[in-house]
Amino acid sequence: MIATRPADHYREIAALTRAPVALMEVCGTHTMAIARHGLRSRLPPALALLSGPGCPVCVTPAAELDRAALLAREPGVTVAIFGDLLRVPGSLSSLERERAAGADVRIVYSPRDALAMAAADRARLVVFLGAGFETTSPLVAATLVRAREEAIENFLVLPVFRLIPPAMAALAADPRARIAGFLCPGHVSTILGTRPYEGLARAHRMPCVVAGFAPGEILRALVLLLRQIAESRAEVENAYETAVRPEGNPTARALLDRVFRVADADWRGIGRLPGSGLELREEYRRHDARARIPVALPAAAPDFERGCACGAVMQGRCAPADCAHFGTECLPAHPRGPCMVSSEGACAAHWRYGGAFRHG
Amino acid sequence: MCLAAPGRIVRIEGTRAVVDFRGVRRNVQLDLLPAAAAGDVVLVHAGFAIQRLDPDVAADTIAALEEAEARLRAEAERGGPR
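Owing to the predicted nature of the structure, the values given are computational and were not obtained by experimental measurement.

What counts, and at which threshold
- Residues numbered from 1 in each chain as written.
- Chains lettered and ligands numbered in written order.
- Predicted model: local features only at pLDDT ≥ 70, side-chain atom pairs only at ≥ 80, totals over all residues.
- Helix = DSSP H or I, 4+ residues; strand = E, 2+ residues; numbered from the N terminus.
- Rg over C-alpha atoms; globule rule 2.2 N^0.38 Å.
- Buried ≥ 20, exposed ≤ 12 C-beta atoms within 10 Å, placed from the backbone.
- Contact = placed C-beta atoms within 7 Å.
- Core = buried A, V, L, I, M, F, W, Y, C linked by C-beta atoms within 7 Å.
- Pairing = 2+ DSSP bridges.
- Axes fitted to C-alpha atoms, helices over the stretch in contact; angles between N-to-C directions.
- Expected span 1.5 Å × (residues − 1).
- Right-handed = clockwise from strand over helix to strand, strands pointing away.
- Parallel < 35°, antiparallel > 145°, perpendicular 65-115°, else oblique.
- Left-handed = near helix turned anticlockwise from the far one by under 90°.
- Nonpolar A, V, L, I, M, F, W, Y, C, P; charged D, E, K, R; others polar.
- pLDDT = per-residue confidence, 0-100.

## Examining the overall build of chain B
Next up, step 1: Along the backbone of chain B there are one helix and five strands.
Next up, step 2: When the helices and strands of chain B are listed from N to C terminus, the series reads β-β-β-β-β-α.
Next up, step 3: Relative to the 2.2 N^0.38 estimate, which gives 12 Å for 82 residues, the radius of gyration of chain B is 13 Å and therefore close to what a compact globule would have.
Next up, step 4: Dimensions of chain B, computed from the C-alpha atoms along their principal axes, are close to 40 × 25 × 20 Å.
Next up, step 5: Counting across all 82 residues of chain B, residues that qualify as buried make up 45%.
Next up, step 6: Residue pairs in contact within chain B that sit at least 24 positions apart in sequence constitute 36% of those at least 6 positions apart.

## Focus on the overall build of chain A
Next up, step 1: Scanning chain A from N- to C-terminus turns up 16 helices and 11 strands.
Next up, step 2: In terms of overall dimensions, chain A has C-alpha extents of about 65 × 45 × 30 Å along its principal axes.
Next up, step 3: Per-residue burial over chain A gives 59% buried out of 360 residues.
Next up, step 4: Taking as baseline every contact in chain A between residues at least 6 positions apart, the subset at least 24 positions apart corresponds to 77%.

## A few points about the nonpolar core
Next up, step 1: Residues Val79, Val126, Val127, Leu183 and Val209 of chain A together with Ala49 of chain B are the most contacted members of the largest nonpolar core, which totals 154 residues.
Next up, step 2: Sort the elements by how many residues they give to this core and helix α11 (residues 215–230) of chain A lands first, with eight residues.
Next up, step 3: The contact partners of Val79 of chain A, leaving out residues within four places of it in the chain, are Ala68, Leu71, Ala72, Leu95, Val105, Val127 and Leu129 of chain A.

## Considering the interface of chain A and chain B
Next up, step 1: Listed as interface residues are 49 residues of chain A and, on the opposing side, 32 residues of chain B.
Next up, step 2: Looking at the side of chain A that touches chain B, the elements with two or more residues in it are α2 (28–36), α3 (56–59), α6 (111–120), α7 (137–149), α9 (186–192), α11, α12 (250–259) and α16 (346–353) of chain A.

## Some details on the sheet that holds strand β4 (residues 104–107) of chain A
Residues and elements named next belong to chain A.
Next up, step 1: Taken together, four strands build an open sheet; the order of strands is β4-β3-β5-β6 and the sheet is parallel. The open sheet has two free edges, formed respectively by β4 and β6 (155–161), since each of these has just one partner strand. The mean inter-strand angle of the sheet, taken between neighbouring strand axes irrespective of direction, is 25°.
Next up, step 2: In the sheet, strand β3 (residues 77–81) pairs with β4 via four bridges, with the strands oriented parallel. Paired with Val79 across the two strands is Val105, which belongs to β4.
Next up, step 3: Against the sheet, α6 touches β3, β5 (125–132) and β6, its axis set at about 170° to β5.

## Notes on helix α4 (residues 62–73) of chain A
Residue and element names in this part refer to chain A.
Next up, step 1: In a regular helix each residue adds 1.5 Å, so 12 residues correspond to 16 Å; α4 covers 17 Å between its end C-alpha atoms and thus fits that length.
Next up, step 2: When α4 is considered as a whole, its buried residues turn out to be Ala62, Glu64, Leu65, Asp66, Arg67, Ala68, Ala69, Leu70, Leu71 and Ala72.
Next up, step 3: Tucked into the core, α4 has its buried residues touching β3, α5 (95–100), β4, β5, β6 and α13 (289–292).

## Some thoughts on the pairing of strand β9 (residues 236–239) of chain A
All names here are of chain A.
Next up, step 1: Neither face of β9 is open: one carries Val236 and Asn238, the other Glu237 and Ala239, and all of them are buried.
Next up, step 2: As judged from the four bridges shared by strand β8 (residues 208–211) and β9, these two strands associate in the parallel manner. When the bridges of β9 are listed, Ala211 appears paired with Ala239.
Next up, step 3: Read as a crossover between parallel neighbours, the route from β8 over α11 to β9 is left-handed.

## Looking at the sheet that holds β9 of chain A
Residue and element names in this part refer to chain A.
Next up, step 1: Taken in spatial order, the five strands make up an open sheet running β2-β1-β7-β8-β9, and their pairing is parallel. Bordering the open sheet on either side are β2 (47–54) and β9, each of which pairs with just one other strand. The sheet shows a mean angle of 25° between the axes of neighbouring strands, taken without regard to direction.

## What to know about the packing of α6 of chain A against α7 of chain A
Residues and elements named next belong to chain A.
Next up, step 1: Contact pair α6 / α7: the axes reach a minimum separation of 9 Å and the direction vectors enclose 25°. It follows from the interaxial angle that α6 and α7 lie roughly parallel. As for the relative orientation of α6 and α7, their crossing is right-handed in sense. Here Pro111, Arg112 and Leu115 of α6 come into contact with α7, specifically with Leu139, Val140, Thr143, Arg146 and Ala147.
Next up, step 2: Residues belonging to the contact of α6 with α7 are distributed by class as follows: five nonpolar, one polar and two charged.

## Notes on the pairing of β2 of chain A
Residues and elements named next belong to chain A.
Next up, step 1: In terms of burial, β2 is largely enclosed, as eight of its eight residues are buried.
Next up, step 2: As paired elements, strand β1 (residues 21–27) and β2 share six bridges and run parallel to each other. Bridging across to β2, Glu25 finds its partner in Ser51.
Next up, step 3: The parallel pair β1 and β2, bridged by α2, forms a crossover whose chirality is right-handed.

## What to know about the packing of helix α1 (residues 6–16) of chain A against α11 of chain A
Residues and elements named next belong to chain A.
Next up, step 1: Two elements in contact, α1 and α11, have axes whose closest approach is 9 Å; the angle formed by their N-to-C orientations is 25°. Of the possible angle classes, the one that applies to α1 and α11 is roughly parallel. In this structure, α1 crosses over α11, and the sense of that crossing is left-handed. On α11, the residues that touch Pro6, His9, Tyr10, Glu12, Ile13 and Leu16 of α1 are Pro215, Gly216, Leu219, Arg220, Leu222, Val223, Leu226, Arg227 and Ala230.

## Description of unusual backbone geometry
Next up, step 1: A positive phi angle is found at Arg178 of chain A, which is not glycine, with a value near 55°.
Next up, step 2: The exposure class of Arg178 of chain A is partly exposed, given the 16 C-beta atoms found within 10 Å.

## What to know about the confidence of the model for chain B
Residue and element names in this part refer to chain B.
Next up, step 1: Looking at chain B, pLDDT values average 88 and 91% of them are 70 or higher.
Next up, step 2: At the level of individual helices and strands, chain B shows its lowest average pLDDT in helix α1 (residues 59–78), which scores 79, and its highest in strand β5 (residues 48–52), which scores 97.
Next up, step 3: Scored as a whole, the predicted complex attains pTM 0.94, and scored at its interfaces, ipTM 0.93.

## Brief notes about the environment of Arg11 of chain B
All names here are of chain B.
Next up, step 1: Turning to its location among the elements, Arg11 is positioned in strand β1 (residues 5–13).
Next up, step 2: Along the backbone, Arg11 and Ala38 are 27 residues apart, and their C-alpha atoms lie at a distance of 5.1 Å.
Next up, step 3: Sequence-distant contacts of Arg11, that is, excluding residues within four places in its chain, are made with Ala17, Val18 and Ala38.

The following block contains the structure:
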């Protein structure tokens, strides 16, 4: 039986943390919730919670943000984005700077809003910047299916979607991160279900627990992870039963498969991971902004300014405060790296809410 | 970015639903959840219902989702945290 009150969870977590142990919350929404509720400050010092790569704003390569900025400079092009992508710097510029310089960059709540813009003005090309994980890519797939059905040829997508399980597998195989268990993302798992983590748990002897976002739900998931470690088990458990079914959302996955195929992809600060991205299938290539609007990208697009530790932070190799820029040159008001731009980035969460952020 | 808000389906209109989020009604696409029915509590991400929630979902689960989604939405409208 598992206790339900946070106080009981904290007690059990303390009892189960007998030696230094590092767990990773993969998802940026968990990073934000853990920081905001100050959960770290009540955990035993030997338990480190590492923030993972589950922040789309943080892992979108600088080269793709450069491409989006260059697309926005093209005459007759509107770039539609989720708001948290506005300020993230590429190597050339950000969409915020392009907008200030006169580009038509619009913040939308849903990809369907971008489709409606395209339908309303067929003379403009509307490019939706398709960043996100398995929670988000199916809705863009559904929007592309609709664009095809209605022959809205001026609706384009710049697909920079990334897949979470391949990134978790890469981290699990990396001894420098010293991860002993994964707090698996809640909403990615509403789509994927729990099965994609089974292979990971087996191959890397890695406990995996899917967690919700309320403090009690996160603490309960930590208890389940620590119990697995104490009992030398490596299994997949679902602690977000309210929203996550073992089979996930098969309709959403079928839509993904209809529109996209899996491809190798670069992660900002992490590098190229096999089978971790999505590209449009042939039938949908006419909606691919890369193919439709060629732009002259710079020969090299460094992902980070010199000294930025964002890549190491997202791989669990250091804490935000270990970065020389953190809180000095790099602040939410003038971020130098992507982990400080997004409210879900480890550095922004740590800066805003403080708390004992320890690395292993 | 993967934030999702819980709401209750008031009625279905073809491939969309009218969903009540604490008294605020919005149109939501059902492309990913075609079997959803009026009365269902659903998680909504970027204008699409992505999953049904258990009918006996705990109040703190709902509160955590609502709070996080509202904060990110406000930040997104401002163009990021300040």
